[in-house]
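Residue-level structural notes
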Amino acid sequence: MRGSELDEFLGLGCFRMQQDMFTCRYVQFNDTLYGVHWLRIVVANVRFGAKQSRLLRINQKYSVAVVPFRLTSEIRSLYALYRNSIDFDAPESVEACLLGKSTINVFDTRVVEIRDGNTLIAAGIFDNGDRSIAGIMNFYHPDYRKQSLGKLLLLLKINYARQQQKDYYYPGYIVSGYHKFDYKLFACEAATEVYDDNANADEWQSIWLPFSWDTIADLNAVREQEEG
């Protein structure tokens, strides 16, 4: 997939699933249906505050590199440790998330590696477009949980997007009433936008609104009127 094509899909509220692009309005957790809202961060508008700056500072002792993604035994082992330590659903493996049954990756995929000495302690996988990046997976060694490496990877991806002069970073979605995804607002809520999937429902358009919880409530209300 060309970078310009990825940019276009992301701008229409679509996201990667294995080797395809998809979108949705709802997800189900524990037999309950929740509303989905897709986010993007306007890179030029990001300003890190005290919490973000502190997180970057306390983790300066670790080395960081952004490299082309390769599915190595090191990546597999780290993800297995991470998955065994969490209390929520996650893909069975990195392969299951990125490839499914495919043996070819059509995306330009990169990974942010965080290392303590020679040991890989966190990995943030993302797809690279011409004007944007899309965060796909973040995982880390459970022994480093107190370092908030998942949130750190969000900041490092934004720093990469800045360096590469990208316009947008797409971190995925948040879920109304299900707060496990709210960490995606950590980087800079003021620079975050939410996709309006209610506008011109018969013809997809790239319409994004400044994020606020009031905006989420308004989008939910319109959605309920349309579907109820």
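Presented here is a report on the structure given in the accompanying data block. Computed from a predicted structure; not experimentally measured. In every chain, residue numbers begin from 1 and rise along the written sequence. Side-chain atom pairs in this predicted model are given and counted only at pLDDT of 80 or more, local residue features only at pLDDT of at least 70, and totals for whole chains, interfaces and linings cover all residues. For the side-chain quantities, the full set of heavy atoms in the structure was used; hydrogens and water were omitted.

Accessible area is worked out with a 1.4 Å probe on protein chains only. A residue is then buried under 20% of its type maximum, exposed over 50%, and partly exposed in between. Secondary structure is summarised from DSSP: a helix means a run of H or I of at least four residues, a strand means a run of E of at least two, and numbering begins at the N terminus for each. Along strand β10 (residues 192-195), one buried face is formed by T192 and V194 and the opposite face, lined by E193 and Y195, is buried too. Note that β10 and strand β11 (residues 208-210) share three bridges and pair antiparallel. Opposite V194, over in β11, you have L209 as the bridge partner. Strand pairing follows a simple DSSP-based rule, namely that at least 2 bridges must link the two strands.

Moving on, we get to the environment of A134. Mapped onto the elements of the fold, A134 is located in strand β8 (residues 132-140). Among the residues examined, A134 registers a relative accessible area of 2% and is labelled buried. Between the alpha carbons of A134 and Y168 there is a distance of 8.5 Å; along the sequence they are 34 residues apart. Two residues form a contact once any of their heavy atoms are found within 4.5 Å. The residues contacting A134, other than those within four sequence positions of it, are L10, F15, I125, F126, D127 and Y170.

Further remarks concern the pattern of salt bridges. Any carboxyl oxygen of Asp or Glu within 4 Å of a side-chain nitrogen of Lys or Arg constitutes a salt bridge here. Counting across every chain of the model gives 10 salt bridges. Between R110 and D108 there is a salt bridge; the shortest N-O distance is 2.9 Å. The closest approach of N and O atoms between R131 and D167, which form a salt bridge, is 3.2 Å. Highlighted residues: R131 in the loop between β7 (119-128) and β8 and D167 in the loop between α5 (149-163) and β9 (168-175), separated in sequence by 36 residues. R131 gets classed as partly exposed once you look at its relative accessible area, which sits at 40%. Note on D167: relative accessible area 32%, which makes it partly exposed. Three or more residues are tied together by salt bridges with common partners; here these are R25, D197 and R223.

Classification of ring pairs rests on two measures: the distance between centres of Phe, Tyr or Trp rings, Trp counted by its six-membered ring, which must be within 6.5 Å, and the angle between planes, read as stacked under 30 degrees, edge-to-face over 60 and tilted in between. Here the structure, examined in full by the defined rule, presents 19 aromatic pairs. Between F22 and W38 the ring centres are 5.8 Å apart and the planes differ by 80°, which places this aromatic pair in the edge-to-face class. Of this pair, F22 sits in strand β2 (residues 20-22) while W38 sits in strand β4 (residues 32-42), and the two are 16 residues apart along the sequence. Taking relative accessible area as the criterion, F22 reaches 22% and is therefore assigned partly exposed. Linked through ring pairs, F15, F22, F29, Y34, W38, Y173, Y178 and F181 together constitute an aromatic cluster. Just above the ring of F48 sits the side chain of R162; from NZ or CZ to the centre is 4.8 Å. Two conditions define a charge located above a ring, namely a distance within 6 Å from the ring centre to NZ of Lys or CZ of Arg, and an angle within 35 degrees of the ring normal. The ring centre of Y173 lies 5.1 Å from the NZ or CZ of K184, which sits over that ring.

Any link to function would need more than the numbers given here.
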